[in-house]
Amino acid sequence: MSNPEEDREPIQSDQGPDEGQATEALQTEEQEAAAGTCAKGNLQVYKAHITKKLNKSVKVRSDDPEMRVLSEAFKPYQKTVQPHTVVLHGKPGVGKSALARSIILDWAQNKLCRDISYAFLFSSKDRKWTEKSSLAHLISREWPGSQAPVTEIMSKPERLLFVMDDFDSLESALLQEDMRLCKDWEDERPIYIVLYSLLKKALLPKSFILITTTDAGLQKLKSMLVSPLYILVEGLSLTMRKQVVLKNIIDDHRKNQVICSVIGNHWLAEQCQVPSVCLLVCEALKIQEELGERRTPVFQTLTSLYATLVFHQLTPREPSQSCLSQEERGTLMGLCRMAAEGVWSKKSVFYDDDLQTYGLKESEISALFRMNILQVDRSAKRCYVFFHVSLQDFCAALHYVLEGLGKSNQYFCLTKNLRSLTELKQTHFNTHLDGMKRFLFGLMNKDTMRTLEVLLGCSLSPDVKKVLQHWVSVLGQQANATNLTDVLDAFHYLFESQDEEFVCSSLTSFQGVGIVVNQRMDLAVSSYCLQHCQSLETLWVDVRGVLSMEMNIELCPVIHQPTHGKPHITEFWEDFCSVLGTHPKLKHLDLGSSILNEWAMKILCMKLRNPACKVQSVTFKNAEITSGLQYLWMTLISNQNLRHLHLGNILMKEDDIKLACIALRHPKCSLETLRLDSCALTADCYVMLSKLLLSTTSLKFLSLAGNKVTEESMRWLSDALSSSRCGLQKLILDSCDLTPVSCHILASALFSNRTLTHLCLSNNSLRTEEVRRLCQFMRLQECAVQQLILNQCNLTRDTYGFLALMLSHNGKLTHLGLTMNPVEDSGMKLLCDGIKEPTCHLQELDLVDCQLTEDCCADLASVIATKQHLKSLDLGSNDLGDRGVIALCKGLKESGTSLERLGLEACGLTSDCCEELSLALSCNSCLVSLNLLRNDFCTSGMLKLCSAFLHPSSNLWKIGLWKQQYYAEVRRQLEKVQLTKSHMLIDDDWYSFNEDDRNWWRN
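Just so you know, these numbers come straight off a predicted model, no measurement behind them.

Student: Help me understand the overall build of the protein chain in this model?
Tutor: Along the protein chain, the regular secondary structure elements total 41 helices and 27 strands. Counting only residues that meet the buried cut, the protein chain has 54% of its 1003 residues in that class. Intrachain contacts of the protein chain at a sequence separation of at least 6 include 81% that bridge at least 24 residues. A total of about 44300 Å² of accessible surface is found on the protein chain, and carbon and sulfur atoms cover 50% of it.

Now the structure itself:
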């Protein structure tokens, strides 16, 4: 056992260290104190420098909510998870830079961020991002006087704050090929690499970063950051904007006009969140007032306001001159060209050498304008910025008007002759061009152009206007492949022009339009443009929460509005609906997924009752319209052009069905199609609908898909179907949870029916006996059924023999859908034997996901080669493989084939079948539509297919392929195919084209 005394720790003496240790400790203490005093002194000098540098240019905003969030974000050692990267985003000029600089200034003045030891500001105005430097050198350049204590600064990276102002100017530099990160703060690399390394946390990962960027730059920035905090800087509130705009207006009537025309234009009101834009708008309104333009337009546009402002400020140097001299025109053109190339390259800061490049002098610019269109910053390297970036966009747009079609501008691709949608889409994702595009369209206003011609003393070429008209026209010609956002953007651009002749000419090609209305201004813009779409036949519009009264009260307050006046949103909706009700060619209106309250439905239905209304079909699928359904039924009686009504996925009460049936029985009601998919119909609803079928002669198409049909309800429907008074031709009972008894009742009723041509029983489990009874009915000569859809009905192996027998004895059936049933190769052989019979005239056969393999392809090839009636065959999602398709190609090569449409999506194909498939396509002139999506073709195989697509004998016009799946060489060949054969569409949505009749049960 050990001695307890030996296990104890030695007792420490209280006599202190020896004399040598004491002397050493004292020296260390003195050195640290001296270093601390020195560091403190350096820091105070730096803070004084920052205060002097920023105090005049920054208005402190300590009370801003954004400022409070920022001050909390930059606190080291917090227990909660804290972001080390903070992003200030918002519109250009809204105050992001001022807020970021305020953080630096408040830190320097010990008001905020006291836990931060050092803060540094990196701005595009002070340096060029492509220069080489190390982080240490960048910090030294910010330091006043003597060399910066870099080692001491870097000793505590968790207490450092780096502010990167204007990420957008850095973004273009980040597209360089060599983007290797640096991890050492002494490494000399291009500045953009150093900053990128800070962003990616490769360099000083514990430091804090604050970045400012526009909303456009935000999307690209997101992929670079690690766990950031995003703060939206919103600018002026609506109340503040009103105060600024109305500041110099006394008359109440004039105030009301200005509020409605400026704040009423949502996009313009949004731009006025930026203080400098709001001031420019205010100045333009003042000039309008001085020029005697008392009659305010219904909608002011930013182009018209800026044109008023800029053109008024342009003054000939000689008072006797009525227009600008040649030298003054040269200065204006140089300024506008500099602005345009700056917009393309995302450059908003210019230097003396830039001015020299464009033949500009600051004195000449100042003499030309009675306003400081260019702001001079002399705080660092002398630089120039436009008063606001929107003013740069305006001048950039003006450049194209002045230069015609850009004879000397390498960046002219915006207004070059855009011949195809592919070329047009090249600028779609470049959101930094949106402002310039909008102003360019706005400048096409004939009054604006006339004013500019007077100012210049010469006529302007109409070429730009023609190119812009063609640019919009391409969207109309390729409506099916056009993004909905593109169409609405084009409408906003055209609206900016406020020139009816220009708008009408631009929209002549639009026969079908799809738009999503999220904002009040979208309604006004759409109303304006749709009434000028003279060829418009089909309109799909999704109206969201914009029609809520409460949401719009604050957006556009009305000053001294009389009690009988209507809210502006009501007027907007009335105008929109009036266009729908009076358009001379509009036939199809789809408001699916829209949210329409009672008053919105009331107005819509009233306008659709207009005697001039030509609308034939209205779709409300998935829409929220329940509160206003009562107004719809009277419309069915008043509008005798209305033939088709889709109310899918709308909860229908029994009273609604009762009113609908009353309207449908009315002799003036011409409705032929009624879709009540997934409307939660009750037993009493089926009673009313069954009685309706016996008392109306107009209704030909009834869909009850997605509603539970009980056996009792089926008896009511079958009684109607078996009656000679029933004229129904198309019936959809998809997903109706039919029982065997219900199916037996239906099959029995069909024996007495002579009018039904289309029947869909998909997504119901059909037993062998029910299929036998159905096939027995369809073998009768009196049977009129032409299209039978039995998709996903869990058909057993025995049923395919009955279907084959039916096919061999039925000469009327043209379409059979068996998708997602276990047909298998054995069932396919039986079906092929039935189709080969001379009495079978089947034209379309859908067999998607039917568990087929290569073993059935020889039988299918024989059918393809010999049956001239067969036009469409969809074999998608079956494991046919290369050998199966090679077997099918034998049928495609035969001269007797008439197949026009072939679906081979997800069939396990590789490049091994491409040689045979290419040969078949090259010698087949009948096939017009081919689906090859979700197969594994390599580059060599795809190049063979591209050659076949280009072959003169091939008449393919629709090909299902996802182009982005392939390497650049293949994509280039596919683009060549589309350029060579301009009618051809290569898209990943094969089923969306020309499918209306084929998919009658879905549409």
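Don't stop here, the text continues.
Student: Teacher, can you tell me more about the packing of helix 11 (residues 252–263) against helix 13 (residues 275–290) here?
Tutor: Two numbers describe a pair of packed helices, the interaxial angle and the distance between the axes. It is the contact of helix 11 with helix 13, at a shortest axis distance of 13 Å, that shows an interaxial angle of 130°. Comparing their axes, helix 13 and helix 11 come out oblique. Like other packed secondary-structure pairs, helix 11 and helix 13 cross with a definite hand, here right-handed. Listed contacts from helix 13 to R254, V258 and V262 of helix 11 are V281, L285, Q288 and E289. Of the residues belonging to the contact of helix 11 with helix 13, the class tally is four nonpolar, one polar and two charged.

Student: What is the right way to look at the sheet that holds strand 2 (residues 118–123) in this model?
Tutor: Within a sheet, neighbouring strands are paired by backbone hydrogen bonds and run either parallel or antiparallel to one another. In space, the five strands of this open sheet follow the order 2-4-6-1-7, with parallel pairing throughout. A strand with exactly one partner marks an edge of an open sheet, and here the two such strands are strand 2 and strand 7 (228–232). Strand-to-strand twist in this sheet, taken as the mean axis angle between neighbours without regard to direction, amounts to 15°. Bridge analysis of strand 1 (residues 85–90) against strand 6 (residues 208–214) gives six bridges, and the strand direction is parallel.

Student: Any chance you could explain the environment of E905 here in plain terms?
Tutor: Residue placement: E905 occurs in the loop between strand 24 (901–903) and helix 39 (914–923). Note on E905: relative accessible area 12%, which makes it buried. As for E905 and G876, which are separated by 29 residues in sequence, their C-alpha atoms are 4.4 Å apart. Each residue touching E905, except ones within four places of it in the same chain, is listed here: G876, S877, N931, L933, R934, N935 and Y991. Polar side-chain contacts of E905 include one of 2.9 Å to the side chain of N931.

Student: Looking at this model, I keep getting lost on unusual backbone geometry. Mind explaining?
Tutor: Residues apart from glycine generally show negative phi values, whereas peptide bonds are mostly found in trans. A positive phi angle, near 60°, is found at N763, a position not held by glycine. Since its relative accessible area comes to 33%, N763 is described here as partly exposed.

Student: Would you take a moment to explain the packing of aromatic side chains for this structure?
Tutor: Centre distance and the angle of the planes are the two values used to describe a pair of aromatic rings. Here the structure, examined in full by the defined rule, presents 22 aromatic pairs. Ring plane angle 50° and centroid distance 6.1 Å describe the contact between Y118 and W143, whose orientation is recorded as tilted. Note that Y118 is positioned in strand 2 and W143 in the loop between helix 5 (135–142) and helix 6 (150–154), a separation of 25 residues in sequence. Accessibility expressed as a relative area gives 7% for W143, which makes it buried. Between the aromatic rings of F311 and F394, the centroid separation amounts to 6.3 Å while the plane-to-plane angle is 55°, which identifies the pairing as tilted. Linking F311 in helix 14 (residues 302–313) with F394 in helix 18 (residues 389–402), this pair joins segments that are 83 residues apart in sequence.

Student: For this particular structure, what's the right way to read the sheet that holds strand 8 (residues 350–351)?
Tutor: Strand order in the open sheet formed by three strands is 8-10-9, with antiparallel pairing between adjacent strands. The open sheet terminates on both sides in strands that have one partner only, identified here as strand 8 and strand 9 (374–377).

Student: How should I be thinking about the side chain of S527 in this particular structure?
Tutor: Looking at the element boundaries, S527 is found in helix 25 (residues 520–530). Those residues in contact with S527 that lie beyond four places of it in its chain are F572, D575, F576 and V579.

Student: Teacher, can you tell me more about the pattern of salt bridges here?
Tutor: Two side chains carrying opposite charge are able to pair once their charged atoms lie near each other. Considering all chains together, one arrives at 22 salt bridges under this definition. A salt bridge links R544 to D542, with the nearest nitrogen and oxygen atoms 2.5 Å apart. On the basis of relative accessibility, which here comes to 36%, the residue R544 falls in the partly exposed class. The class for D542 is buried, based on a relative accessible area of 3%. Taken together, the shared-partner salt bridges connect D352, E362 and R382 into one network.

Student: Explain the confidence of the model for the protein chain to me, please; I cannot follow it from the model alone.
Tutor: Counting all residues, the mean pLDDT for the protein chain is 84, and 85% of those residues have values of 70 or more. The low-confidence segment residues 405–427 (pLDDT under 50) makes 51 contacts with residues lying over four places distant or belonging to another chain. Below pLDDT 50 for its whole length, residues 550–565 participates in 26 contacts with residues either more than four positions away or in separate chains.

Student: Would you explain helix 4 (residues 96–108) in this entry?
Tutor: Residues three or four positions apart in an α-helix share a direction because the helix packs 3.6 residues into each turn. Taking 1.5 Å as the rise per residue, helix 4 with 13 residues should run 18 Å; its terminal C-alpha atoms sit 19 Å apart, in good agreement. Judged by how many residues are buried, helix 4 sits mostly within the fold: 11 of 13 residues are covered. Buried within helix 4 we find K96, L99, A100, R101, S102, I103, I104, L105, D106, W107 and A108. Positioned one or two residues after helix 4, N110 has a phi angle of 60°, which is positive.

Student: Honestly, the pairing of strand 4 (residues 160–165) in this entry has me stumped. Any pointers?
Tutor: Each regular strand carries side chains that alternate between the two faces of the sheet. Here strand 4 lies mainly inside the structure; six of its six residues are buried. Of the two faces of strand 4, the one carrying L160, F162 and M164 and the one carrying L161, V163 and D165 are both buried. In this structure, strand 2 lies alongside strand 4, joined through six bridges in parallel fashion. Bridge assignment links F120 to a residue of strand 4, and that residue is F162. Across four bridges, the pairing between strand 4 and strand 6 is parallel. Counted as the bridge partner of M164 is I211 from strand 6.

Student: How should I be thinking about the environment of C743 in this particular structure?
Tutor: Along the chain, the position of C743 falls in helix 33 (residues 740–750). Between the C-alpha atoms of C743 and E711, which are 32 residues apart in sequence, the distance is 8.8 Å. Discounting residues that sit within four places of it in the chain, C743 has contacts with L738, L766 and E770.

Student: Hey, could you run me through the nonpolar core in this one?
Tutor: What tends to happen in soluble globular proteins is that the nonpolar side chains get buried as a cluster. Of all hydrophobic cores here, the largest spans 312 residues; its most connected members are W573, L596, F620, L647 and L904. For this core, the element with the highest residue contribution is helix 18, accounting for nine residues.

Student: I would appreciate a short explanation of the environment of I139 in the present structure.
Tutor: Mapped onto the secondary structure, I139 falls in helix 5. Take I139: its relative accessible area is 0%, and that puts it in the buried class. Taking the C-alpha atoms as reference points, I139 and A119, 20 residues apart in sequence, are found 9.7 Å from one another.

Analysis parameters
Residues numbered from 1 in each chain as written. Predicted model: local features only at pLDDT ≥ 70, side-chain atom pairs only at ≥ 80, totals over all residues. Heavy atoms only, no water. Helix = DSSP H or I, 4+ residues; strand = E, 2+ residues; numbered from the N terminus. Buried < 20%, exposed > 50% of the residue type's maximum accessible area, 1.4 Å probe, protein only. Contact = heavy atoms within 4.5 Å. Areas by Shrake-Rupley, 256 points an atom, 1.4 Å probe, with all protein chains shown as cover. Axes fitted to C-alpha atoms, helices over the stretch in contact; angles between N-to-C directions. Parallel < 35°, antiparallel > 145°, perpendicular 65-115°, else oblique. Left-handed = near helix turned anticlockwise from the far one by under 90°. Nonpolar A, V, L, I, M, F, W, Y, C, P; charged D, E, K, R; others polar. Pairing = 2+ DSSP bridges. Polar contact = N/O pair within 3.5 Å; in protein donor to acceptor, adjacent residues only side chain to side chain. Phe/Tyr/Trp six-rings, centres within 6.5 Å; stacked < 30°, edge-to-face > 60°. Salt bridge = Lys/Arg side-chain N within 4 Å of Asp/Glu carboxyl O. pLDDT = per-residue confidence, 0-100. Expected span 1.5 Å × (residues − 1). Core = buried A, V, L, I, M, F, W, Y, C linked by side-chain atoms within 4.5 Å.

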